[in-house]
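# What the coordinates show
So you can see what is in the structure, the chains are spelled out below.
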Amino acid sequence: MKVKLVTLCPGLLMAPSFPNAHLETSIPYLKGGHFMLRQGLLATEDVSKVAEAHIYAYEDMDYGAYGRYICFGKIIGTMEKAIQLENGLNMHGQLSGDENLLSVEVDNDEIPPRITKSKLSRLLFRASQRRSCKR
């Protein structure tokens, strides 16, 4: 069929109005947040960066962009950071609700991340090289 498909998979979308985040979009993401935190997969990204990455991915389709791109700016890797995120979103207990289970497993040490955005970084680098050549 020769259908070109590129998918951008962002972390939890954040906006400049961070304390006023939309609950209807944050709650579904954070329902599995405690599991993602334990696995080193809980990540956030600024919504403007995700929009920019969408544009670059679309423009790069003619130059070889393909598949899935993971887009995040920050990985939440400690219970302390998770609680700060909860407090900022006014969603207390969503990540730390079973704090005893998490503290036993992670002991508030840094949880090693298990995701990478290297594929997206390469795409953004290629796009920046093409733009500088066109000038």
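The model shown is predicted, which means the values in this text are computed figures rather than measured ones.

### Observations regarding the overall build of the chain
For the chain, the helix and strand inventory stands at six helices and five strands. Of the regular secondary structure in the chain, the N- to C-terminal order runs β-β-α-α-β-α-β-β-α-α-α. Expressed as a percentage of contacts within the chain between residues at least 6 apart in sequence, the contacts between residues at least 24 apart total 82%. Of the roughly 8700 Å² of accessible surface on the chain, 56% is carried by carbon and sulfur atoms.

### Focus: the nonpolar core
One finds Leu 30, Leu 37, Leu 42, Leu 85 and Leu 89 to be the most contacted residues of the largest nonpolar core, which totals 14 residues. Counting residues per element, the ones that place at least two in this core are β2 (12–14), α2 (33–39) and α4 (79–89). The element best represented in this core is α4, accounting for four residues. If you look at the next biggest cluster of nonpolar residues, it comprises 13 residues, including Val 6, Val 50, Ala 53 and Cys 71.

### Focus: the sheet that holds strand β3 (residues 43–46)
Read from one edge to the other, the open sheet built from three strands follows the order β2-β3-β5, with strand pairing classed as mixed. Single-partner strands in this sheet number two, and they are β2 and β5 (74–75). Judged from the three bridges that link them, β2 and β3 form a sheet pairing that is parallel. Residue pairing across strands places Leu 12 opposite Thr 44, the latter belonging to β3.

### Some details on the side chain of Asp 60
Tracing the backbone shows Asp 60 in the loop between α3 (47–59) and β4 (67–71). Looking at Asp 60, its side chain comes within polar contact range of the side chain of Arg 126, at 2.6 Å. Apart from the residues lying within four places of it in its own chain, the contact partners of Asp 60 are Ala 65, Leu 123, Arg 126 and Arg 130.

### Things to note about the pattern of salt bridges
Under the definition given, this model contains two salt bridges. The salt bridge partner of Lys 4 is Asp 62, with a shortest N-O separation of 3.7 Å. Note that Lys 4 is positioned in the segment before β1 (6–10) and Asp 62 in the loop between α3 and β4, a separation of 58 residues in sequence. In terms of burial, Lys 4 and Asp 62 fall into one category: exposed.

Cut-offs applied
- Residues numbered from 1 in each chain as written.
- Predicted model: local features only at pLDDT ≥ 70, side-chain atom pairs only at ≥ 80, totals over all residues.
- Heavy atoms only, no water.
- Helix = DSSP H or I, 4+ residues; strand = E, 2+ residues; numbered from the N terminus.
- Contact = heavy atoms within 4.5 Å.
- Areas by Shrake-Rupley, 256 points an atom, 1.4 Å probe, with all protein chains shown as cover.
- Core = buried A, V, L, I, M, F, W, Y, C linked by side-chain atoms within 4.5 Å.
- Buried < 20%, exposed > 50% of the residue type's maximum accessible area, 1.4 Å probe, protein only.
- Pairing = 2+ DSSP bridges.
- Polar contact = N/O pair within 3.5 Å; in protein donor to acceptor, adjacent residues only side chain to side chain.
- Salt bridge = Lys/Arg side-chain N within 4 Å of Asp/Glu carboxyl O.

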